[in-house]
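# A closer look at the structure
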Amino acid sequence: MHFTFGSPYLLALLLLLPCFLWCKQYSKPYYFPKLAWVTRQSPLLSWEPWLKMALFTLMVVALAKPFVYDAISDQHKKGRDLVLAIDASGSMAQSGFHLKDRMKTKYEITTELSKDFIAKRFDDNMGVVVFGTFAYTASPLTYDLESLSYLLEMTNVGLAGESTALGDAIMQSIRTLSYGEAKSKVIILLTDGYHNAGQTSPKEAVQKAKELGIKIYTIGIGKRSDYDVSLLETIAKQSGAKSYAASSAEALSKVYDEINALEPSAIRSENYLNQRVLILYPLALVFILLLLWVLWTRRSET
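Keep in mind the model is a prediction, meaning the values are calculated, not measured.

What counts as what
Residues numbered from 1 in each chain as written. Predicted model: local features only at pLDDT ≥ 70, side-chain atom pairs only at ≥ 80, totals over all residues. Heavy atoms only, no water. Helix = DSSP H or I, 4+ residues; strand = E, 2+ residues; numbered from the N terminus. Buried < 20%, exposed > 50% of the residue type's maximum accessible area, 1.4 Å probe, protein only. Contact = heavy atoms within 4.5 Å. Polar contact = N/O pair within 3.5 Å; in protein donor to acceptor, adjacent residues only side chain to side chain. Arc of directions from axis to C-beta. Core = buried A, V, L, I, M, F, W, Y, C linked by side-chain atoms within 4.5 Å. Salt bridge = Lys/Arg side-chain N within 4 Å of Asp/Glu carboxyl O. Pairing = 2+ DSSP bridges. Axes fitted to C-alpha atoms, helices over the stretch in contact; angles between N-to-C directions.

### Digging into the environment of lysine 242
Tracing the sequence through the fold places lysine 242 in the loop between α7 (229-238) and β8 (243-246). Taking the relative accessible area as the measure of exposure, lysine 242 reaches 37% and is therefore partly exposed. Here the alpha-carbon distance between lysine 242 and isoleucine 259, two residues 17 residues apart in the chain, equals 8.8 Å. The contact partners of lysine 242, leaving out residues within four places of it in the chain, are Ile216, Tyr217, Thr218, Ala236, Glu258 and Leu262. Separated by 2.9 Å, the side chains of lysine 242 and glutamate 258 make a polar contact.

### Considerations on helix α6 (residues 202-212)
Turning to α6, its buried residues number three or more, namely Pro202, Ala205, Val206 and Ala209. Buried residues of α6, seen end-on, are gathered within an arc of 95° and therefore sit on one face of the element. Residues Lys203, Glu204 and Glu211 are exposed on α6 and point more than 90 degrees away from its buried face. Where α6 is buried, its residues touch α5 (166-177), β7 (214-221) and α7.

### Points about the nonpolar core
Ranked by internal contacts, the top residues of the largest apolar core, which has 32 residues, are Leu84, Ile188 and Ile219. Those elements giving two or more residues to this core turn out to be β3 (81-87), α3 (106-119), β4 (125-131), α4 (145-153), β6 (185-191), β7, β8 and α8 (249-262). In this view, isoleucine 188 contacts Leu82, Val83, Leu84, Ala85, Phe117, Tyr217, Ile219, Tyr256 and Ile259; residues no more than four positions away in its chain are not counted. Among the nonpolar cores identified, the runner-up in size contains 24 residues, and Leu141, Ile170, Leu189 and Ile214 belong to it.

### A few points about the pattern of salt bridges
If charged atoms from side chains of opposite charge come close, those side chains can pair. All chains considered together, the criterion is met by nine salt bridges. With a shortest N-O distance of 3.2 Å, lysine 120 and aspartate 257 are connected by a salt bridge. Highlighted residues: lysine 120 in the loop between α3 and β4 and aspartate 257 in helix α8, separated in sequence by 137 residues. For aspartate 257, a relative accessible area of 38% translates into the label partly exposed. Across the salt bridge formed by glutamate 263 and lysine 215, the nearest N and O atoms sit 3.1 Å from each other.

### Remarks on the side chain of threonine 218
Secondary-structure assignment places threonine 218 in strand β7. Judged by relative accessible area, threonine 218 falls into the buried class, the value being 0%. Only 2.9 Å separates the side chain of threonine 218 from the backbone oxygen of leucine 232, close enough to count as a polar contact. Looking at threonine 218, its side chain comes within polar contact range of the side chain of serine 243, at 2.9 Å.

### Some details on the sheet that holds strand β5 (residues 135-142)
Reading across from one edge, β5-β4-β3-β6-β7-β8 is the order of the six strands in this open sheet, with mixed pairing throughout. Taken across any chain shown, the strands that pair with only one partner, and hence form the sheet edges, are β5 and β8. Between one strand axis and the next, the sheet turns by 15° as a mean value, whatever way the strands run. Taken together, the seven bridges between β6 and β7 define a ladder with parallel strand orientation. Paired with leucine 190 across the strands is isoleucine 219, a residue of β7. In the packing of α7 onto the sheet, the strands contacted are β6, β7 and β8, and the crossing angle to β7 comes to about 160°.

Structural data, given as structure tokens:
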């Protein structure tokens, strides 16, 4: 929770507080036969000016509209449009990719690390494309990154076929990015195989990405002999990005960290969500202090 004021400039009225102590006030004349009967008293020692100052302060605070809020997102997103294109072909069912947990498949580890990467992106507009023999959009571009991670969990190996269509994966990612409005558009292509399926060649898809100014970071998963290293390097280079090799889960985690550094999320500007206005609290105190003042004055007069 955060605290702020809706109209903070009104707090400048608090600069008038010294007037309650030292500004000249209109005085009604009283006559005394002897000056010794009149005691000199500093306004600092009287409780009335301090009460008036407290009332004035509380009313100014109420005018400034204090409220608390949750800063959990931004209405004016300034991040990237970013698509994760993840290989879900049959070879991604192989285990042994994680040195400590060899029972997990490459696809399971890839989705886990992808979720960690998604959680660090803050205000990016992200989507997921899953590909095998064909490619499809598992999640369109969204700022709801928690839902994106949930949808990623629902995918599985073989869902898009057993082969590897790299060209179709890039083209489907470009279509997914076409619905975004960010100036910076990025595709992260993860695969462990050779291009051997699909209707579009990687060359055509990369050319289309270049025309649209879309960067394609490529990540080869597993042994370098398992995937087309040369093709992945060419795709990344021609689109103005970088190509990586991840032979283990640790290596993939480091690759994600490097991409996160190369393509940092934009600085977040705060959006006021779940506002709870606090005006009633200072006004209630004003009412209570005024009531006590009136009661004290009447008691003094009787």
